[in-house]
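One-letter residues, chain by chain:
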Amino acid sequence: MVAEFSTTSGLSELQVREHCKDWLSQHPNGKMKKKCFQKMMSQALPDFTTEEAEKMENHLFRIYDPHEKGFIDFHEFMTVFMVLTGDEPKSVLEKMFLIFDVKSTGTITNDEMCTLVTDMDKLVQDNVDNETAEELAKHAFEEMDKDRDGHVTMEEFVEAILAREKFSTYLALKILNIFG
């Protein structure tokens, strides 16, 4: 795991071991509670107000805690982090889809897209067309929903971003920027 994480993160194996050691010293039982995750996210999103950061934390915490245990164990944390910082675009985008799938139904609705993009408002204020978060969400949803059935599947989500659809790619890059 250390060698793989070193490769995907760009850190040396020694640096990875230090990060692991640090994580485990902060969480000796191997579990990070949501409050600690909030602190980590506030450092990753320094320009966000407490309310704005909390909204993003809730979206991101869902992918780290898929079984809703209220904490993230070390293996879950490292696995998701490696996927989100890894080289395999399809795997990264499939994990990212889970952030957008707010209700965990396996599809993204227009309302879910709007909720997430509105919650990301601070991250998307610099969009090229100076659109509101709602307009950006609407355009991204339209790009992704290829069959126009009102739902975006994981396949549609991944394909839109890999095809470099303008709004879809923009949102994906904003999510990836949170992870460094």
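The structure under discussion appears in the preceding block.
Draft legend 1. The packing of aromatic side chains, seen in detail. Counting across every chain of the model gives 3 aromatic pairs. Geometrically, the ring pair formed by Phe37 and Phe61 is edge-to-face, given 5.3 Å between the ring centres and 65° between the ring planes. You can see Phe37 sitting in helix 3 (residues 34–44) and its partner Phe61 sitting in helix 4 (residues 50–64), a full 24 residues away along the chain. When sorted by exposure, Phe37 lands in the same class as Phe61, which is buried. Ring geometry for Phe97 against Phe157: centres 5.6 Å apart, planes inclined by 75°, an arrangement best described as edge-to-face. Of this pair, Phe97 sits in helix 6 (residues 89–100) while Phe157 sits in helix 9 (residues 154–162), and the two are 60 residues apart along the sequence. When its relative accessible area of 1% is taken as the criterion, Phe97 is described as buried. On the accessibility criterion, Phe157 (1% relative accessible area) is buried.

Draft legend 2. Representation of helix 7 (residues 110–119) within the structure. Those residues of helix 7 that fall on the buried side of the exposure criterion are Glu112, Met113, Leu116, Val117 and Asp119. Buried residues of helix 7, viewed axially, fall in a sector of 160°; they line one side.

Draft legend 3. Representation of the pattern of salt bridges. Scanning all chains against the criterion turns up 7 salt bridges. Close ionic contact of Asp119 with Lys55 constitutes a salt bridge, the shortest N to O distance being 3.9 Å. Of the two residues, Asp119 is situated in helix 7 and Lys55 in helix 4; the sequence distance between them amounts to 64 residues. The exposure class of Asp119 is buried, given its relative accessible area of 13%. When the shortest N-O distance is used, the salt bridge between Lys146 and Glu165 registers 3.1 Å. A residue pair is termed long-range when its members are at least 10 positions apart, and Lys146 in the loop between helix 8 (133–144) and strand 4 (151–153) and Glu165 in the loop between helix 9 and helix 10 (166–178) qualify at 19 residues. On the accessibility criterion, Lys146 (48% relative accessible area) is partly exposed.

How each quantity is defined
- Residues numbered from 1 in each chain as written.
- Predicted model: local features only at pLDDT ≥ 70, side-chain atom pairs only at ≥ 80, totals over all residues.
- Heavy atoms only, no water.
- Phe/Tyr/Trp six-rings, centres within 6.5 Å; stacked < 30°, edge-to-face > 60°.
- Helix = DSSP H or I, 4+ residues; strand = E, 2+ residues; numbered from the N terminus.
- Buried < 20%, exposed > 50% of the residue type's maximum accessible area, 1.4 Å probe, protein only.
- Arc of directions from axis to C-beta.
- Salt bridge = Lys/Arg side-chain N within 4 Å of Asp/Glu carboxyl O.

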